[in-house]
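Structure at a glance
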Amino acid sequence: MVDRPKKPTSLNPSARSSAPQPTVDISDDRVTATLPTGESVSILLYGATVISWKTASGAENLWVSEKAALDGSKPVRGGIPIVFPVFGPPPKEGPTSKLPQHGFARSTRWEFLGKSSSEGEAQGQGSGDESVKLDFGLYGAGLDESVKSKWPYEFGLVYSVTLGREGLMTVLNVRNEGDEGWEFQMLLHTYLRIDDISKTTISGLGSATYIDKVLDATTHTQSTPTLSITSEVDRVYTGLKQDTTSVLADGKPRLDVVRDNLEDTVVWNPWREKANAMGDFAPKDGYKQMVCVEVGSVAGWQRLEPGETFEGGMMMRSYV
Ligand SMILES: O=P(O)(O)OC[C@H]1O[C@H](O)[C@H](O)[C@@H](O)[C@@H]1O
């Protein structure tokens, strides 16, 4: 009797089967990944908006309004909406002038491109450094005609969200897929959850210059090493040298936001009146539990010639 060929097995089958794997749950409107150690991330396909990022302790790091629309009817008030290809109200003239505030990426459904895992997990080492990367794509062809007519360029966006034990990494890759050059701005509009704004300070912006959108839209220099928020704040810090902006609670680290290939950071808290004026902002005193630290390239414009790509993003660390 001839021996049957054995089924192929992995190089280290026992380790592979015993090592707990990250789980990825894909539903109609969102993708949720959970590490064996308990960290999790959830991303809505609408806007590829990260709407939850929890650490192993179960602590939520992102603020999402109780009245945020999660059904695709409007951009999510909270989490990490993606701003592209224009930041803020569009300029009166020029290629982005017909677009809505913050562009169309946050109000378009993206495609889930798939997941990949870190080396440690793939080799079944069970080393505890597992991470899972989720990729989302948005292409010119995927836009509604109404949006396309307002910004008719060929582009490809790939947004990668990597959940690891050490934090959450989010990176946007922008590619010009057409035959003419175009310009864009981008920003990750991150709503961070904090316990109490009166005990919160932000460091890493000392001596930096910023445009104060609340005051007079002119340029100022941050004179103190840390920023406390006691009223409405809407500042665009530009050309930052240091990579890390830290959110401190009672002087102790709560969250770090580390920029990657991006020079600008917006700090925003709407405070009482503006929060009140936003129909999808709840609870109304929720401004005490959030602060936006938004990494991006928004002070000027990034230009891409045909075939060129730009990549920028952030790594966030949580201390709870
Ligand atoms: O209400 P949205 O369109 O989501 O914009 C919310 C906020 O985004 C950024 O932080 C801008 O700097 C603010 O000026 C703006 O108010």
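Residues numbered from 1 in each chain as written. Predicted model: local features only at pLDDT ≥ 70, side-chain atom pairs only at ≥ 80, totals over all residues. Heavy atoms only, no water.

On to the pattern of salt bridges. By the definition in use, this model includes 11 salt bridges. For Arg165, the salt bridge is made with Glu39, and the minimal N-O distance between the two is 3.8 Å. Of this pair, Arg165 sits in the loop between β8 (155-164) and β9 (167-176) while Glu39 sits in the loop between β2 (30-34) and β3 (40-44); the two residues are 126 residues apart in sequence, bridging distant segments of the chain. The class of Arg165 is partly exposed, set by a relative accessible area of 44%. Using a relative accessible area of 5% as the deciding quantity, one classes Glu39 as buried. The partner of Arg303 in a salt bridge is Glu305, and the shortest N-O contact between them spans 2.7 Å. Owing to a relative accessible area of 31%, Glu305 belongs among the partly exposed residues under this scheme. Because the salt bridges share partners, they merge into one network encompassing Lys74, Arg77 and Asp280. (Salt bridge = Lys/Arg side-chain N within 4 Å of Asp/Glu carboxyl O. Helix = DSSP H or I, 4+ residues; strand = E, 2+ residues; numbered from the N terminus. Buried < 20%, exposed > 50% of the residue type's maximum accessible area, 1.4 Å probe, protein only.)

Another aspect to go through is the environment of Pro85. Locating Pro85 in the fold gives a position in the loop between β5 (82-83) and β6 (111-117). For the pair Pro85 and Met186, spaced 101 residues apart in sequence, the C-alpha separation works out to 5.9 Å. In this view, Pro85 contacts Thr96, Leu99, Gly103, Phe104, Trp151, Phe184, Gln185 and Trp301; residues no more than four positions away in its chain are not counted. (Contact = heavy atoms within 4.5 Å.)

Turning our eyes to something else, we now look at the sheet that holds strand β17 (residues 244-249). Backbone-to-backbone hydrogen bonds pair the strands of a sheet. The strands run either parallel or antiparallel. Taken together, the nine strands give an open sheet; going across it, the order is β6-β7-β8-β9-β21-β18-β17-β12-β15, and neighbouring strands pair in antiparallel fashion. A single partner strand is all that each edge strand has here, and the edge strands are β6 and β15 (226-228). The mean inter-strand angle of the sheet, taken between neighbouring strand axes irrespective of direction, is 20 degrees. Here three bridges tie strand β12 (residues 200-203) to β15, and the two strands are oriented antiparallel to one another. For Ser203, the partnering residue across the bridge sits in β15 and is Thr226. (Pairing = 2+ DSSP bridges. Axes fitted to C-alpha atoms, helices over the stretch in contact; angles between N-to-C directions.)

No statement about biological role is implied by the geometric values presented.
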